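Geometric and topological summary
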Amino acid sequence: MNVAVDLACLQAKSGYEVAVISAGGEYEKLLNICGVKHYQLDQTRKPISIIKAAGRYLAIAAEFQPDIVHAHMMTGVILARIFKGHKYALVSTVHNEFQRSSLLMGLADRVIAVSKAVRDSMARRGISENKLRVICNGTLGSPRTRQIQDYQPLPLQRPAIATVAGMYQRKGIAELIAAFEQIASDFPQAHLYLVGNGPDKQLFEAQAQATSVKERIHFEGFQAEPQRYLISCDIFVLASYRDPCPLVLSEAREAGTAIVGTQVDGIPEALDNGQAGLLVPAKDSNALAGVLVQLLSNGDMLHEWKQRANQNLQWLSVARVHQETLAVYRELITESER
């Protein structure tokens, strides 16, 4: 959703006629401000909903008459492919390659992978390499957010370790809690902040309650401005088992916090292959605890990794994502004119 909104706003500001088809939500006002037309469409995966969505999509396509349809979700790419004909070119972006249904994104004329790791995985699963293009995620300069210096820091208890993630098992929250419990007695002032909601939150809360340091583990829930945590914490951790190219890493880097991430999927790429953040194996709370001990016990090392996170940020901009996406569109338009 965030990537789609960023692209739509920048495309409209560049003078293109742009529409977003979605069930609606918090960004409709922003889309309107940026000159993006919004069409309501329920894409719930139930038979009656899909039938209604098909009719509604046909009406939208007939009214808007797009040259390019860019799908970010499975239902969208299926509807766009079924009714494609020769009227428009179809582009998809694979955001969650680990889902089996992501193969359906290969129905598009071009398939954008959000990291090299995703591209390689999709190629191994049978998507033609001629279709695949890599456009790594970037959030800096997003119309959805303010300048990083405009956010007010929070009075976190420090040293503060934080994550901003959906409360899912695959985000490695259990390993982060276990690692924190392991190091907590050696660093009695340290606190852990878990920002986000999700279906597994109660499991993690129960795990935290069973520790001897439950009063130092804070479940902050969904936050409209997670940047306030990023600029206030000392260490940001993303302990995911799978993560194609998490947007939060570019935000954490801009905030200038030391970063620890797992060595999976697009996380190393987002951290300049370990130059901008420390990498640990996934599902290994002992390795994560070891890195946290190093950072918390060595002020110079902590300071160095904060500086390293904040370097080489240019490539993480939404402007770069926007331009590379337009290049994919132009490829298809040129082909159709031949």
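A quick note: this is a predicted structure, and the numbers were derived from the prediction, not measured.

1. Describing the nonpolar core
Ile161, Ile235, Phe236, Val237, Val260, Leu288 and Leu295 are the most contacted members of the largest nonpolar core, which totals 59 residues. Top contributing element to this core by residue count: helix α6 (residues 173–184), with 8 residues. The next biggest cluster of nonpolar side chains, apart from the first, holds 23 residues, and it includes Leu41, Ala53, Ala54 and Val118.

2. A look at helix α1 (residues 2–13)
For α1, with 12 residues, the first-to-last C-alpha span of 17 Å sits near the 16 Å given by 1.5 Å per residue. A large share of α1 lies buried, amounting to 9 of its 12 residues. Looking only at α1, the buried set comprises Val3, Val5, Asp6, Leu7, Ala8, Cys9, Leu10, Gln11 and Ala12. The secondary structure elements touched by the buried residues of α1 are β1 (19–22), α2 (28–33), β3 (68–71), α9 (247–255) and α13 (318–337). Of the residues one or two after α1, Gly15 is the one with positive phi, at around 100°.

3. Some thoughts on the sheet that holds strand β5 (residues 110–113)
The 4 strands are arranged β3-β4-β5-β6 in an open sheet whose pairing can be described as parallel. Each edge of the open sheet carries a strand with a single partner, namely β3 and β6 (132–134). Within this sheet the neighbouring strands show an average axis-to-axis angle of 25°, counted without direction.

4. Describing the UniProt feature "domain: Glycosyl transferase family" (unreviewed entry) in the protein
Those residues carrying the UniProt feature "domain: Glycosyl transferase family" (unreviewed entry) are residues 153–310 in this numbering. As a span, residues 153–310 carries 39% helix and 17% strand, and end to end its C-alpha atoms are 17 Å apart.

5. A word on the domain arrangement of the protein
What the domain assignment lists for the protein is domain 1 (2–138 + 317–337) and domain 2 (148–316). Of note, the centres of domain 1 and domain 2, computed from C-alpha atoms alone, are 31 Å apart. Counting from both sides, the interface comprises 17 residues of domain 1 and, opposite them, 13 residues of domain 2. Contact between domain 1 and domain 2 buries roughly 1200 Å² in total, counting both sides, with carbon and sulfur atoms accounting for 60%. On inspection of domain 1 and its partner domain 2, the count reaches 1 salt bridge. Between domain 1 and domain 2 we count 8 residue pairs in polar contact (both at pLDDT 80 or more) in total. Of all the elements in the fold, those that place two or more residues in the side of domain 1 that touches domain 2 are α1, α5 (116–124) and α13. In terms of residues, the side of domain 1 that touches domain 2 owes the most to one element, α5, which gives 3 residues. Partitioning the side of domain 1 that touches domain 2 into residue classes produces 7 nonpolar, 7 polar and 3 charged.

About the cut-offs
- Residues numbered from 1 in each chain as written.
- Predicted model: local features only at pLDDT ≥ 70, side-chain atom pairs only at ≥ 80, totals over all residues.
- Heavy atoms only, no water.
- Core = buried A, V, L, I, M, F, W, Y, C linked by side-chain atoms within 4.5 Å.
- Buried < 20%, exposed > 50% of the residue type's maximum accessible area, 1.4 Å probe, protein only.
- Helix = DSSP H or I, 4+ residues; strand = E, 2+ residues; numbered from the N terminus.
- Expected span 1.5 Å × (residues − 1).
- Contact = heavy atoms within 4.5 Å.
- Pairing = 2+ DSSP bridges.
- Axes fitted to C-alpha atoms, helices over the stretch in contact; angles between N-to-C directions.
- UniProt positions renumbered as here; feature names shortened; annotations may be inferred.
- Domains from an automatic or database assignment.
- Buried area = accessible area lost by both parts, 1.4 Å probe.
- Salt bridge = Lys/Arg side-chain N within 4 Å of Asp/Glu carboxyl O.
- Polar contact = N/O pair within 3.5 Å; in protein donor to acceptor, adjacent residues only side chain to side chain.
- Nonpolar A, V, L, I, M, F, W, Y, C, P; charged D, E, K, R; others polar.

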